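Secondary and tertiary structure notes
Here is what each chain is made of, one letter per residue.
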Amino acid sequence: MDTGAESRRTSSEPVTNWRPGLLVWAGYGVLACLAGMAVGHFVAALLTPASSPVLAVGSTVIDLTPTPMKEWAIREFGTKDKTILVGSVLGATILLAAVAGAIAMRWFRIGIAILVGLVALAGAAALSRPLAEPYDVLPAVAAALAGIGVLLVLRHLAAAPTGATPGTTAGTSGVATDRAELPEPPAWHPMVGGGGRRRTERPEPTGTSRRSVLLAAGAIAVVAGAGGWVGRRIEQARTSIGNIVLPKPATVAEPLPTGLEKVFPGISDFRTSNDDFYRVDINLSLPIVPVDDWDLRIDGDVDHPFTLTFDELTDLPMVERDITLTCVSNEVGGKYVGAARWLGVPLSTLLDRAGVRPGADQILSTAQDGFTISTPLAVALDGRDALVAIGMNGEPLPAEHGSPARLVVPGLYGYVSATKWLRKLTLTRYADATAYWTDRDWAIEGPIKVSSRIDTPKPLERVKAGRIPVGGVAWAQHRGVDAVQVRVDGGPWQAAQLGPDAGIDYWRQWFFLWDAEPGRHTLAVRATTRDGDVQTAVRATPFPNGSSGIQEIQVIIE
């Protein structure tokens, strides 16, 4: 057997080249996008977290979304609405980046232009935010540079030769020479035949190898993930409230009595923990509010505008108050309500010091990020315990609940009373200035409607027949709850037992012992205020001034 001939045949067989196809190029676009977003988020964490490309676009989407759609999202997704929004923005961006990558396979500049266009939109969104600074565009610029750089690297790998082109041979000078131009050696040449050394054909493939592309893509993905993770850690560190020591209150609230949840599990805790307290706002990232740099400005239609540092605020007499807050987006029987003990300075103390001028009818409060809320001045001065709060349940305000200071005004829905990350109180008139939600046609005053909720049993829960407790909470802030009634299967209203009383600004727990028989049953609840206002059965959606109606649930007794 002529092994030399066999060797020549094997070595001269054509080598299959690997070239990235359309799907691979789409993946290139996705990798470029992810790398850009990671770098952009990292840079934003060092500057302003809200300027991160995805978050800036998401915040703009929130602002532009019609109110009915916002209410639908809150109703359907609850506190996960922000996660779903960010995920949707992220998914749409990745899809467009994949299209850009696929286009770049044949028209590279057009693919780059699409990626740059996406980042330009993010930069414009960041600059459109209230109180935006010119440097807030830098995360978008960094994202664009990173994305373009990644796509260029991957394109280079896709086009770079791994060796000499088939049909050529490299001479001693390293210059490739076309073998077809070289004469065949004579038969007696030592490189021909079985004797001596044989001339060996070594065709090399063109293009990159699949392994090198996978390695590069994996490295880019790892770096992008690491950059995003580091950016997130930086953001969390910068939004931490730090070491805040709360002052002792000048007026200490009485200890809260034991709640019904100790007797009837399933009823909401009499005091809502900070971790379980609802959070509804438009922020996709927490504002950075260092306590050392924080101050509160009181200005507008006042005789003596002034500014307080955090230390100066805490030097003022503090009071403790038990107050229940409710979000206007709360549906009948909803969970956007919570009760806590707040520590703060009476709002009236600050307004008296400023000297409110005649004619003012609105307090326009401004948050760290420029978000505004309008509060009726008359409500803040009618004797209720409206506070600039710095403490919540014996702890400094958590970052997600407005640290270092927020407004708490009992009796009003949060959209007109509960500004978080508070920085300014401006006395003005409704005719002269409007706030974020009133610009979107929500009612101006927003008094909380008397409401009640069944906590246990749960809707469609299966319960064994016998005497079972039906229980929950009822609230009518600044009027107080005087009675709660339960109705079974459309029958007469029956009185429920009320839990402990912590004042007119705090919710009441209640329970009703029901002798339940097998079958499917309908339970309903309603409350009555101390001034005799019975919870209405007329159904209303949260927009424009809060929901109303009677909660009814069905349970299955076995």
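Up top is the structure.
Cut-offs used in this document
- Residues numbered from 1 in each chain as written.
- Predicted model: local features only at pLDDT ≥ 70, side-chain atom pairs only at ≥ 80, totals over all residues.
- Heavy atoms only, no water.
- Helix = DSSP H or I, 4+ residues; strand = E, 2+ residues; numbered from the N terminus.
- Buried < 20%, exposed > 50% of the residue type's maximum accessible area, 1.4 Å probe, protein only.
- Contact = heavy atoms within 4.5 Å.
- Areas by Shrake-Rupley, 256 points an atom, 1.4 Å probe, with all protein chains shown as cover.
- Arc of directions from axis to C-beta.
- Pairing = 2+ DSSP bridges.
- Salt bridge = Lys/Arg side-chain N within 4 Å of Asp/Glu carboxyl O.
- Lys, Arg positive; Asp, Glu negative; His and termini not counted.
- Polar contact = N/O pair within 3.5 Å; in protein donor to acceptor, adjacent residues only side chain to side chain.
- Axes fitted to C-alpha atoms, helices over the stretch in contact; angles between N-to-C directions.
- Parallel < 35°, antiparallel > 145°, perpendicular 65-115°, else oblique.
- Left-handed = near helix turned anticlockwise from the far one by under 90°.
- Patch = residues over 30% accessible without salt bridge, like charges linked within 9 Å, V, L, I, M, F, W, Y side chains within 5 Å.
- Charge placed at Lys NZ, Arg CZ, Asp CG, Glu CD.
- Core = buried A, V, L, I, M, F, W, Y, C linked by side-chain atoms within 4.5 Å.

Moving on: the overall build of the protein. Along the backbone of the protein there are 11 helices and 21 strands. Residues classed as buried in the protein amount to 48% of the 558 residues present. In the protein, of all internal contacts separated by at least 6 residues, the share reaching a separation of at least 24 is 75%. Element-wise, carbon and sulfur atoms account for 58% of the exposed surface of the protein, whose accessible area totals about 26800 Å².

Glancing now at helix α4 (residues 67-77). Residues of α4 that are buried: Thr67, Lys70, Glu71, Ala73 and Ile74. The arc enclosing the buried residues of α4, seen along the axis, measures out at 160°, which places them on a common side. Those residues of α4 hidden inside the fold are in contact with α3 (53-64) and α5 (81-104). Positive phi appears at Gly78, one or two residues downstream of α4, with a value of about 60°.

Spatial ordering of the open sheet is given by β14-β21-β20-β16-β17, a layout of five strands whose pairing is mixed. Each edge of the open sheet carries a strand with a single partner, namely β14 (462-463) and β17 (494-495). In the sheet, strand β20 (residues 519-529) pairs with strand β21 (residues 551-557) via seven bridges, with the strands oriented antiparallel. Bridge pairing in β21 links His521 to Val555.

If you walk across this open sheet you meet the four strands as β13-β15-β19-β18, and the pairing is antiparallel. A single partner strand is all that each edge strand has here, and the edge strands are β13 (451-456) and β18 (497-498). In this structure, β18 lies alongside strand β19 (residues 508-516), joined through two bridges in antiparallel fashion. What sits directly across from Gln497, in β19, is Phe511.

Okay, unusual backbone geometry next. In this model, Thr456 is joined to Pro457 through a cis peptide bond whose omega is 0°. Relative to the assigned elements, Pro457 resides in the loop between β13 and β14. Along the chain, Phe543 connects to Pro544 via a cis peptide bond; the corresponding omega equals 10°. With respect to the secondary-structure elements, Pro544 resides in the loop between β20 and β21. For Asn393, which is not glycine, the phi torsion reads 55° and is therefore positive.

Before going further, it helps to examine the pairing of strand β3 (residues 295-300). Examined bridge by bridge, β3 and strand β4 (residues 306-309) share four bridges and lie antiparallel to one another. Residue pairing for β4: Leu296 is matched across the bridge by Leu308. Hairpin connection, β3 to β4: the antiparallel pair is bridged by five residues. Relative to strand β12 (residues 422-428), β3 is paired through four bridges, and the arrangement is parallel. Following the sheet pairing, Asp299 is matched in β12 by Thr426.

Let us look at the pattern of salt bridges. As enumerated under the stated definition, the model contains 19 salt bridges in all. We note a salt bridge from Asp295 to Arg423, for which the minimum N-O separation is 3.1 Å. Within this pair, whereas Asp295 is found in strand β3, its partner Arg423 is found in strand β12, the two being separated by 128 residues in sequence. The class of Asp295 is partly exposed, set by a relative accessible area of 27%. Notably, a salt bridge pairs Asp455 with Arg453, separated by 2.8 Å at the nearest N-O pair. The class of Asp455 is buried, set by a relative accessible area of 5%. Residue Arg453 is classed as buried on the basis of its relative accessible area of 7%. Shared partners join several salt bridges into a network, and the residues in it are Lys82, Arg279, Asp281 and Lys420.

Within the secondary structure, Glu261 is located in the loop between α8 (210-239) and β3. Buried charge without a salt bridge: Glu261, with Lys262 as the nearest opposite-charge side chain at an N-O distance of 4.9 Å. Among the polar contacts listed, one links the side chain of Glu261 to the backbone nitrogen of Phe270, at a separation of 3.3 Å. Dropping the residues within four chain positions of it, Glu261 is found in contact with Ile267, Ser268, Asp269, Phe270 and Gln509.

This part is about the environment of Arg539. One can find Arg539 in the loop between β20 and β21. Judged by relative accessible area, Arg539 falls into the exposed class, the value being 56%. Separated by 207 residues in sequence, Arg539 and Val332 have C-alpha atoms that sit 8.6 Å apart. Contact partners of Arg539, with chain neighbours within four places excluded, come to Val332, Ser548, Gly549 and Ile550. Polar side-chain contacts of Arg539 include one of 3.1 Å to the backbone oxygen of Ile550.

It is the contact of α5 with helix α6 (residues 108-127), at a shortest axis distance of 6 Å, that shows an interaxial angle of 160°. Taken as axis vectors, α5 and α6 run roughly antiparallel relative to one another. Between α5 and α6 the crossing geometry is left-handed. Across the interface between the two elements, Thr93, Leu96, Ala97, Ala100, Ile103 and Ala104 of α5 pack against Phe108, Ile110, Gly111, Ile114, Leu115 and Leu118 of α6.

Okay, a negative patch on the surface next. A cluster of like negative charges, contributed by Asp292, Asp293, Asp311, Glu312 and Asp315, occupies part of the molecular surface. Residue placement: Asp315 occurs in the loop between α9 (310-314) and β5 (319-326).

Counting 84 residues, the largest nonpolar core has Leu347, Val388 and Leu425 as its most contacted members. For this core, the leading source of residues is helix α2 (residues 22-46), giving eight residues. Within the second largest apolar cluster, 22 residues are counted, among which are Ile468, Ala496, Ala527 and Ile557.

A contiguous nonpolar patch, built from Phe42, Leu46, Trp229 and Val230 and spanning about 370 Å² of accessible area, is present on the exposed surface. Counting only elements with at least two residues in the nonpolar patch, the list comes to α2 and α8. Inspection of the secondary structure assignment puts Trp229 in helix α8.

We now examine the side chain of Ser374. Within the element layout of this structure, Ser374 appears in strand β8 (residues 372-376). Residue classification places Ser374 among the buried positions, given a relative accessible area of 1%. For Ser374, the contacting residues outside a window of four places in its chain are Gln362, Ile363, Leu364, Val416, Tyr430, Ala435, Thr438 and Ile444.

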